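In case you want the letters, here they are:
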Amino acid sequence: MPRSYPAVSGPLPGPRARAIVDRDRAFTSHAYLKEYPLAIARGEGVMVEDVDGNRFLDFMSGIAVSSTGYGHPRVVAAVQEAAAKFLHICGSDFYFEGMAALCERLARLAPGSTPKRVFLTNSGTEATEGAIKLARHATRRTAIVAFKGAFHGRTTGALALTSSKARQHAGFGPLLPDVHHVAYPNRYRAPAGMSDAALVAEAIDGIEGDLFTRHLDPKDVAAIFVEPVQGEGGYLFPPDGFLKALRDLCDRHGILLVFDEIQCGVGRTGKMWACEHEGVEPDIMLSAKGLGSGMPIGALIARESVDDWKGGAHGSTFGGNPVCCAAALATLDLVEGGLMANAARLGERLIAGARALAGRHEAIGDVRGRGLMVGMEFVKSRAGKEPDPAASRRVVDTAFQHGLLLLGCGKSVIRLAPPLVIDEVDIDRGLELLGAVLSDA
Ligand SMILES: Cc1ncc(COP(=O)(O)O)c(C=O)c1O
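Fair warning: this is a prediction, and the values are worked out from it, not measured in the lab.

Conventions and cut-offs
- Residues numbered from 1 in each chain as written.
- Predicted model: local features only at pLDDT ≥ 70, side-chain atom pairs only at ≥ 80, totals over all residues.
- Heavy atoms only, no water.
- Pairing = 2+ DSSP bridges.
- Helix = DSSP H or I, 4+ residues; strand = E, 2+ residues; numbered from the N terminus.
- Axes fitted to C-alpha atoms, helices over the stretch in contact; angles between N-to-C directions.
- Contact = heavy atoms within 4.5 Å.
- Phe/Tyr/Trp six-rings, centres within 6.5 Å; stacked < 30°, edge-to-face > 60°.
- Lys NZ or Arg CZ within 6 Å of the ring centre and 35° of its normal.
- Salt bridge = Lys/Arg side-chain N within 4 Å of Asp/Glu carboxyl O.

(A) Just the sheet that holds strand β11 (residues 364–370), in detail. Ordered in space as β11-β12-β15-β14, the four strands form an open sheet in which the pairing is antiparallel. The open sheet has two free edges, formed respectively by β11 and β14 (407–409), since each of these has just one partner strand. Direction aside, neighbouring strands of the sheet carry axes that sit 30 degrees apart on average. Bridge analysis of β11 against strand β12 (residues 373–378) gives six bridges, and the strand direction is antiparallel. Within β12, the position partnered with I364 by the bridge is F378. Where helix α9 (residues 322–360) meets the sheet, its contacts fall on β11, β12 and β15 (413–416), and the angle it forms with β11 comes to roughly 175 degrees.

Here you go:
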């Protein structure tokens, strides 16, 4: 049966969307960036309908959040059922089954065999913030190492670790002191012929041979924070062996290893956690975004031995809200029950299709991905590999006018990150549209 999307009539935004955009611009904070004038009325699966009745195919999941689509019946039912019982009690102070069940589930699902404990938050940033505190508390050390290009959040502590865009820092300093940024290995920009092993060795040498030798005593370092796949930094997949090498480095110096799986976790790469592709267990892991299918929930999952803070050391009024816990449990049921496998299977189709487009369009310098987390990098020339932000911007804007929702990241990368419920027909349709857009843009 033909699908009723994408279907766009007339230039966007339409009149109703325009009215919302104007009203929003008059009263919302200047801090909001707004990517393009999409004013959503409703969504279903991978389809987003705007207030003028235009229908879009979604390839960005509201920044990799709408893992189960825009209102999966099982998630909606779980939310409605939980909301009808009670909206709040404060999980930091009282008990309810949903919170115990979700913490148990995440502790069991977390990578590695050591026992885990879970603290629930309202966002990814808040999970990062909690991890900074926990790492310092557990080690009684202060310094944090993070990677250039990383995004870990926007509060003063988390922002100090973030190294994505200068405007995210401008005017806010001084931030948390004693945070040190090192290079994230970049396969695409490595010298031609450089092996993964050599790239890993170079990255580790940048920490141990340089930072720890010239600037910073590793005995002062509480934790290394790393995204197993760098998200906002440009959907960068590190070389094989990188996470393992970081694990060994941390073990040599008594440093905690923190994996930020906020964007790449919960099935997106075809396994529950991206770090499982490398079989490496962190000391602390962070989750959020896709965990609640759009309901605000995050988690700080720590090894039992690290979670040695005492009652009252940390807390949150809303973190682990009962309605959000129910959404997360339903999401995990769906992800474990087939969506993760779907992401692995359809991811191959998406990557193959994106690579075929790269074969026809010189502007695409690189396609990289795993599961339904795929980055397409735009360059001025294949030989020089200079990022071409104007080209990726044009593609995102033109795709919107054609009914395909995309989102950029890094300097000139487009992320292809549809909801995990997507099927073959929509993968092919999205690729076809993208092809048309590339010829147009
Ligand atoms: C890897 C990563 N960490 C942390 C965050 C911050 O999460 P939130 O926006 O929920 O605070 C993000 C958001 O994009 C992210 O991608």
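(B) A look at the packing of aromatic side chains. This structure, assessed with the given rule, holds six aromatic pairs. These aromatic residues form a ring-pair network of at least three members: Y36, F56 and F400. Looking at K34, its charged tip hangs above the ring of Y32, at a distance of 5.3 Å from the centre. Taking the ring centre of Y188 as reference, the NZ or CZ of K385 above it sits at 4.6 Å.

(C) The pattern of salt bridges, seen in detail. If you walk through the whole model with that rule in mind, you get 32 salt bridges. Residue R415 pairs with E232 through a salt bridge whose shortest N-O separation is 2.7 Å. Within this pair, whereas R415 is found in strand β15, its partner E232 is found in the loop between β7 (221–226) and α8 (242–253), the two being separated by 183 residues in sequence. A single salt-bridge network, built from bridges that share partners, covers K116, R247, D251, E281, D283 and R303.

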